[in-house]
Amino acid sequence: MSPTIVDVPASVRDALGDDKAAMRLRMVRWLCAQGVRDERVLRALAAVPRHRFVNSALWDQAYEDTSLPIGYGQTISKPSVVARMLEWLLLGRNAQTLGHLGRVLEIGSGCGYQTRVLSLLAPMVVSAERLQPLHHLAVEHLRRWRVPGAGDCVLVFQDGSAGVAPHAPFDSIVAAASAECIPPAWLEQLRIGGRLVAPVQAPNGAGQVLLIVDRTPQGWQTLQGEGVQFVPLKSGTA
């Protein structure tokens, strides 16, 4: 990670406060230098102890801009990717009107890290995980690592490609796994004015890109974001 130092808003610095605070501040400063500007996102990333969501053997790498293994063939996303996805979500129509992400659907709880970050940007996060051991891990992590001001989290063990219809509609939907195309259930469960951000296969078949989908009264509008690298979206539970 580059040691570049930039000014960090005081409210972001105030969110720090544990034995890894200096490392996390360095991460947030680096994200600022890379163009992350939304103070709400920076404040959430500053407040959540990422090292607590990975194996202790990886704590020294927890605040580097890298994905890390969390077991079962899954990874925790790079902080820069999490930040950009959240910034895209916050630019959605409903999010701008509400001043927060509203009711959020997260596809892929993983270790619970992004779920906790989302909970600082939304009053309600519903997170679906298809791998039962990771579902239990996320539940435990969120129970242990509470953050002041966080919204409610509902963790569901199920196939995320079907969404979570009982809790729909959602103002924001974010996926932590890449599909060839957006599952219809996600589009159907997105509220009018809502925004979906998910990695998909690039149109030319080379790699993955973020796809941003807005639901309007007339239908769905799409925008292609930056290149990314995520584990593939799979169906069923295990």
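Everything below is about the structure printed above this text.
Everything numeric in this text was worked out from a predicted model, so none of it was measured. (Residues numbered from 1 in each chain as written. Predicted model: local features only at pLDDT ≥ 70, side-chain atom pairs only at ≥ 80, totals over all residues. Heavy atoms only, no water.)

## Brief notes about the packing of helix α2 (residues 21-33) against helix α3 (residues 39-47)
What counts, and what does not: Each axis is a line fitted through C-alpha atoms, taken for helices only over the stretch in contact, and angles between the N-to-C directions span 0 to 180 degrees. Only DSSP runs of H or I reaching four residues or more are called helices, and only runs of E reaching two or more are called strands; each is numbered from the N terminus. Roughly parallel here means an angle under 35 degrees, roughly antiparallel means over 145, roughly perpendicular means 65 to 115, and every remaining angle is called oblique. If you view the pair so one helix is near and one far, a crossing is left-handed when the near helix is turned anticlockwise from the far one by less than a right angle, and right-handed when it is turned clockwise. Whether two residues touch is decided by their heavy atoms; if any such pair falls within 4.5 Å, the residues are in contact. Just so you know the grouping, Ala, Val, Leu, Ile, Met, Phe, Trp, Tyr, Cys and Pro go in nonpolar, Asp, Glu, Lys and Arg go in charged, and all remaining residues, Gly too, go in polar.
Two numbers describe how α2 lies on α3: the axes approach to 9 Å, and their chain directions differ by 155 degrees. Considering the angle they form, α2 stands roughly antiparallel to α3. Considering how the two elements wind past one another, α2 and α3 form a crossing that is right-handed. Seen from α2, the contacting residues are R24, M27, V28, L31 and C32; seen from α3, they are L42, L45, A46 and A47. Its residues assigned to classes, the contact of α2 with α3 shows eight nonpolar, no polar and one charged.

## Details of the sheet that holds strand β5 (residues 152-157)
Which entries qualify depends on this criterion: Here a strand pair is declared whenever DSSP counts at least two bridges between the two strands.
Overall, mixed pairing links the seven strands, which are arranged β5-β4-β3-β6-β7-β8-β9 in an open sheet. In this open sheet, the two edge strands, each paired with only one partner strand, are β5 and β9 (219-228). The sheet shows a mean angle of 15 degrees between the axes of neighbouring strands, direction not considered. In this structure, strand β3 (residues 103-107) lies alongside strand β4 (residues 124-129), joined through five bridges in parallel fashion. Within β4, the position partnered with R103 by the bridge is M124. Packing against the sheet, helix α4 (residues 79-90) makes contact with β6 (170-175), β7 (190-201), β8 (208-216) and β9, and its axis sits at approximately 150 degrees to β7. The strands touched by helix α7 (residues 132-144) within the sheet are β4 and β5, with β5 carrying the most contacts at an inclination of about 165 degrees.

## Regarding the packing of α3 against α4
Relative orientation and spacing of two packed helices are given, respectively, by the angle between their axes and the distance between those axes. At a closest axis distance of 9 Å, the pairing of α3 and α4 adopts a crossing angle of 140 degrees. As far as their axial angle goes, α4 and α3 are oblique. The handedness of the crossing between α3 and α4 comes out as right-handed. Touching R40, V41 and L45 of α3 are P79, V82, A83, L86, E87 and L90, all from α4. Here the residues of the contact of α3 with α4 sort into seven nonpolar, no polar and two charged.

## Looking at the side chain of D38
Relative to the helices and strands, D38 resides in the loop between α2 and α3. Not counting residues within four places of it along the chain, the set of residues in contact with D38 comprises E87 and L90.

## What to know about the nonpolar core
Nonpolar side chains tend to gather and get buried jointly when the protein is soluble and globular. Definition in use: We call a set of buried residues a nonpolar core when its members are Ala, Val, Leu, Ile, Met, Phe, Trp, Tyr or Cys and they connect through side-chain atoms within 4.5 Å of each other. Three exposure classes are used, based on accessible area relative to the maximum for each residue type with a 1.4 Å probe and protein chains only: buried under 20%, partly exposed in between, and exposed over 50%.
Among the nonpolar cores identified, the biggest contains 51 residues, and L45, L86, L101, Y113 and L118 are the most heavily contacted of them. Those elements that provide at least two residues to this core are α2, α3, β1 (68-71), α4, α6 (113-119), α7 and β8. Setting aside anything within four residues of it in sequence, one finds L86 in contact with V41, V117, L118 and L121. In this structure, A128, V156, A202 and L211 belong to the second largest nonpolar core, which totals 21 residues.

## So, the packing of aromatic side chains
Put simply, the test is: The aromatic pairing rule takes the rings of Phe, Tyr and Trp, using the six-membered ring of Trp, and pairs them if the centres are within 6.5 Å, calling planes under 30 degrees apart stacked, those over 60 edge-to-face and the rest tilted.
For the coordinates displayed, the defined rule picks out one aromatic pair. Between F53 and Y113 the ring centres are 5.8 Å apart and the planes differ by 70 degrees, which places this aromatic pair in the edge-to-face class. Placement of the pair is F53 in the loop between α3 and β1 and Y113 in helix α6, with a sequence separation of 60 residues. No difference in accessibility class separates F53 from Y113, as the two residues are buried.

## Overview of the pattern of salt bridges
To keep things clear, this is the line we draw: The salt bridge criterion pairs a side-chain nitrogen of Lys or Arg with a carboxyl oxygen of Asp or Glu, the two atoms within 4 Å.
Summed over the entire model, instances satisfying the criterion amount to eight salt bridges. A salt bridge links R84 to E87; the nearest nitrogen and oxygen atoms lie 2.8 Å apart. With R84 and E87 both in helix α4 and three residues apart, this pair spans about one turn of that helix. Close ionic contact of R195 with D214 constitutes a salt bridge, the shortest N to O distance being 2.8 Å. Here D214 lies in strand β8 and R195 lies in strand β7, a separation of 19 residues in the sequence. Each member of the pair, R195 together with D214, is buried. Through salt bridges with shared partners, a single network forms among R84, E87 and E226.

## Notes on the pairing of β9
When β8 meets β9, the two strands line up antiparallel, connected through eight bridges. The partner of I212 across the bridge, within β9, is L223. The turn linking β8 back onto β9 is made up of two residues.

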